[in-house]
Structures are given as structure tokens and as C-alpha cells.
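Chain by chain, the residues run as shown.
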Amino acid sequence: MTQQVQAATGTGGEGGKDVAYRPDLFELPPGIYLDGNSLGPLPRAARAAVLRRLDDWARDAVSGWDSWFGLAESLSPGVARLVGALPHEVIATGSITANLHSLLATLYQPEGRRRALVATSLDFPSDIYALQSWAERAGAELRLVGSRDGVTVADEDLAAVLDEEVALALLPTVLYRSGQLLDVPRWTEYGRARGVLLGWDAAHSVGCLPHELHAVGADFAVWCHYKYVNAGPGAPGGLFLHERHHGLTPGLRGWWGNDKGTQFEMTHEFRAARGAAAYQLGTPPILALAGLEGALTVFDQVPLSEIRRRSLELTDQLIARVGAELPEMKVVTPREHARRGGHVSLAHPEAHALSLALRTRGIVPDFRQPDILRLAPVALYNTAQEVDEVVRTLRGLLDSGEHRQVTARSQVT
Ligand SMILES: Cc1ncc(COP(=O)(O)O)c(C=O)c1O
Ligand SMILES: Nc1ccccc1C(=O)C[C@H](N)C(=O)O
């Protein structure tokens, strides 16, 4: 039987109202939700936007395209703010994996000795599959930066692989298992200085901390909007291409990447849209884009700097409480703020069973192989009381061993 934990209400800050704590903007599931780094909860504005687009469809049918045609482009100012870009450097489209293929098809130009692709041995599998596809096609090497502890990458190891044989590198801003945050400005500059095109998978940082992709001069980036941006399951992802790379003909082309002014002339001559919009392929999923349309309004109301400040407060608290009360669980997330994303990862041999037992108690974490319990206290809707409650519940489980009786019911962890 599911025992729900009463979600604590909190004000954050010192007795005052914390601008980053806005549970009123969400329809939150019951209990304590700590999995917003996998799927963010539903913003009220996202429901309203999806319903509005459904109404458009019912009322207008095909004439609805009058307002849907430029919908993705109309979201670019909001998307650009999330990553610190110019609006024409971003577009909401595709998935991380599809966008990565699209950018690789354009930017990856192996030449002479400079042929290798680089990623890390701790990357999300889909990124590796995409890079493997392109390495195979080019008969080139895919170099993976190793890990000394199995959860983080060391600066020295990263620096050592980025040499004159590397054409393109993809790095995670935040590693999905450990929550390690890489120094985006530093590695961007390091890559540029060595002639390596260097892009970012920002899935675990967008919506959780501020970015300055344009100012730091990042070549490209991909991310999703279903985690900390709360745009909904399968929401269109984000693609950033620095304006210095605009004007290239996309290696993968589709009619939605054609200039809007001539798209419906239906000629067989592709005329690229300006900037990142040229990397769209086919018809956008309007209902899913509507989820993003609504979700972005949350970030009109709350500055990312405040979200980051409160996120660090909550993860600081979680790390401290685990250190004090759960000595058998190892915090594998770096402690320094400059090296930490938005989630805290705890290693324990029984992490899977613990994650299942927490769910039966109304607390939603997730589990990542082989032994990682991930907890994401999100600034916008989680509280200090909830952080205390999860630590108390884990202490109780470890003391009683009750988690050993819980069995998995789902393939998705
Ligand atoms: C870091 C990272 N990269 C890539 C993906 C895959 O993204 P998508 O399914 O949108 O292609 C995810 C999560 O699913 C992820 O966390
Ligand atoms: N897209 C999903 C679909 C189903 C279940 C999880 C995901 C995730 O995004 C997991 C996430 N990428 C992770 O960091 O593990």
C-alpha cells in the first residue's frame, strides 16, 4: 500500500518569500517529487497552452497553421534566455539525439590528421550512439575521456585528449549520473584555442542554472526541455549554433528548415532559414511545442540566478544531512558549487531497492546503474522540509531493511 508523505510547504529564505520558490505555478504530484531532472512536473501555464492549441485545432483545423507556422521561432527569445544565446542562435526542435545527428552532419568535417571525435566514458548512451554512427561513417576514432572514480571526469584527463587529431568534441555540462558540472567557459576556450569544435549536451543544466553560450563562444549545444524546463514528456528539445557558424548549409535538410518566406513555394531548391531555425527538419509537433510555450512563462517570472541560488541551498542541505545521518551512503556529487549541477547522487549497493522503497513511501527519486540514487531538489517547487524528510526516510529504511522486500514493477527507473 502506498503511504503518501505530506508535502511540506516552505517559504525558503529567512521567514520571507523566496522568489525562486513558486509551487503555485505547478500542478504537483502528491508526495515529494525529486525527479525533476528526469521529467519536470506540469506547469499550470503548460496545461493552459496545450488546451489553447487544442481549441485552435478544433475551431480552425488546417487554418490553425496561420498561428502555428512560426510557433517554434516565436519561442526562440524565451529559449535563448535559458542558455544565454541570441534568439536566432537557438531553435526548439527535435530530440537531443536527433539534433546532435543534425549538427554532426554539418559540423563534423574530418580532414587530414584531424579526424577524431571526443566524448566522455560517462556520457548518456544516446550521445555515444550518435557519435559512434558518425565515427563509423568516417572511419574515425571516437575517443572517450576516462574516469578515475567511475563517476566524475578529471580536468587533466579531459585536457589530455583534446589534441590536434580531434575534429569535434561533445561534453556534458552536467554528468547525468554524478551531477558533476564542467567548467563550460574554460573548456569552450580550451577547445577553440586548439582548433577543436566543442559542443555541449546541456540536458542536465538548462532550466537549473544560468548559461552564457553566446558570450563564452560555444560552438554548439543540444538539450531537452522535459527536465528542469518542465515542458512535458517528449517536448521538443533545444539546439544552439553560435552565429559564427551560421550560413553553412545544414548537412541534414528538411522543408521546415527552409526560409519561412519561401517554404510554401515548394521548389526543390532549399533556401535555408536564418540561423539555427535552418536545422528544423519536418513539421513540428504543435501540441508538444505548446507545452514548452507555457512552461517558458515560468522563467519570465523567476530569474535563473535565483533558481540557481536556491538549488544550491537545497543541494548543500541535502549533502550536509546525508553526511551527518547516512554515513553508509556515499555522496558522489562534487561538493564545490562550481562543480555541481542540480541533483545529488548517492552511491550505495542497495540503491535500486532504496529507490523503489522511497517510491512506495511517496518520495520519487530515480536510480541509475549500477548503484546510484539520484535526488533532485528543484528550486521552483521543493522545500528544505522535503529534503529533511527524504533523509529521515532513508535512515529509517537502512535501519529497518524494509527496502529489501520491495520488488520492481517497471522497466523505467
Ligand atoms: C544527458 C542526456 N543526453 C541525452 C539524452 C537523450 O535525450 P533525447 O531522448 O531527447 O534524445 C538524455 C535523456 O534522455 C540525457 O540526460
Ligand atoms: N527521456 C526519458 C524518458 C523516459 C525515462 C527517462 C528519460 C530521461 O530523460 C532520463 C534522463 N535522461 C536521465 O538523466 O537519466
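Residues numbered from 1 in each chain as written. Chains lettered and ligands numbered in written order. Predicted model: local features only at pLDDT ≥ 70, side-chain atom pairs only at ≥ 80, totals over all residues. Heavy atoms only, no water.

Undergrad: Can you explain the packing of aromatic side chains? Please cite residues and give values.
TA: Each aromatic ring pair is described using two quantities: the centre-to-centre distance and the angle formed by the ring planes. With the rule as written, the count across this model stands at 9 aromatic pairs. Between Trp65 and Trp68 the ring centres are 5.3 Å apart and the planes differ by 85 degrees, which places this aromatic pair in the edge-to-face class. Taken together, the residues Trp65 and Trp68, both in helix 2 (residues 65-68) and 3 residues apart, mark about one turn of the helix. Classification of Trp65 as partly exposed rests on a relative accessible area of 27%. (Phe/Tyr/Trp six-rings, centres within 6.5 Å; stacked < 30°, edge-to-face > 60°. Helix = DSSP H or I, 4+ residues; strand = E, 2+ residues; numbered from the N terminus. Buried < 20%, exposed > 50% of the residue type's maximum accessible area, 1.4 Å probe, protein only.)

Undergrad: Could you give an account of the UniProt feature "modified residue: N6-(pyridoxal phosphate)lysine" (unreviewed entry) in the protein, with specific residues and numbers?
TA: Mapped onto this numbering, the UniProt entry annotates "modified residue: N6-(pyridoxal phosphate)lysine" (unreviewed entry) at Lys227. Inspection of the secondary structure puts Lys227 in the loop between strand 9 (220-223) and strand 10 (238-241). Not counting the four nearest positions on each side in its chain, Lys227 is found in contact with Gly36, Asn37, Ser38, Leu39, Gly40, Ala203 and His204. (UniProt positions renumbered as here; feature names shortened; annotations may be inferred. Contact = heavy atoms within 4.5 Å.)

Undergrad: Lay out empty space enclosed by the protein with the relevant residues and their values.
TA: Counted under the stated rule, the structure contains 1 cavity of 30 Å³ or more. Of the volumes computed, that of the largest cavity is approximately 40 Å³. Gly207, Cys208, Tyr228, Ile307, Ser311, Gly342, Pro377, Val378 and Ala379 together form the lining of the largest cavity. Partitioning the lining of the largest cavity into residue classes produces 6 nonpolar, 3 polar and no charged. Both of domain 1 (23-30 + 303-405) and domain 2 (48-301) provide at least three residues apiece to the lining of the largest cavity. (1 Å grid on protein atoms, 1.4 Å probe; cavity = no way out; pocket = protein on both sides within 12 Å on 5 of 7 lines; lining within 4 Å. Points joined across faces, edges and corners; volume = space filled by probe spheres on them. Nonpolar A, V, L, I, M, F, W, Y, C, P; charged D, E, K, R; others polar. Domains from an automatic or database assignment.)

Undergrad: So what's going on with the nonpolar core? Residues and values would help.
TA: Nonpolar side chains in soluble globular proteins generally cluster together in the buried interior. Formed by 97 residues in total, the largest nonpolar core has its most connected members in Leu162, Trp187, Trp200, Trp223, Leu292 and Leu380. In terms of residue count, helix 11 (residues 286-301) provides more of this core than any other element does, 7 residues in total. Split by domain, the residues of this core number at least three in each of domain 1 (23-30 + 303-405) and domain 2 (48-301). When residues no more than four places from it in sequence are discounted, the contact partners of Trp223 are Val79, Val83, Val90, Ile96, Ala202, Ala203, Val206, Gly237, Gly238, Leu239 and Phe240. By size, the runner-up hydrophobic cluster in this structure holds 25 residues, among which are Leu326, Ala351, Val391 and Leu398. (Core = buried A, V, L, I, M, F, W, Y, C linked by side-chain atoms within 4.5 Å.)

Undergrad: Residue-level account of unusual backbone geometry, with values.
TA: Residue Pro370 follows Gln369 across a cis peptide bond; omega there is -5 degrees. Topologically, Pro370 is positioned in the loop between strand 14 (366-368) and strand 15 (372-375). Phi is positive for Asn230, close to 65 degrees, though the residue is something other than glycine. Inspection of the secondary structure puts Asn230 in the loop between strand 9 and strand 10. On the basis of relative accessible area, Asn230 is assigned to the buried category, the value being 2%. Of note, the phi angle at Met266 is positive, near 60 degrees, even though the residue is not glycine. Following the sequence through the fold, Met266 ends up in the loop between helix 10 (260-263) and helix 11.

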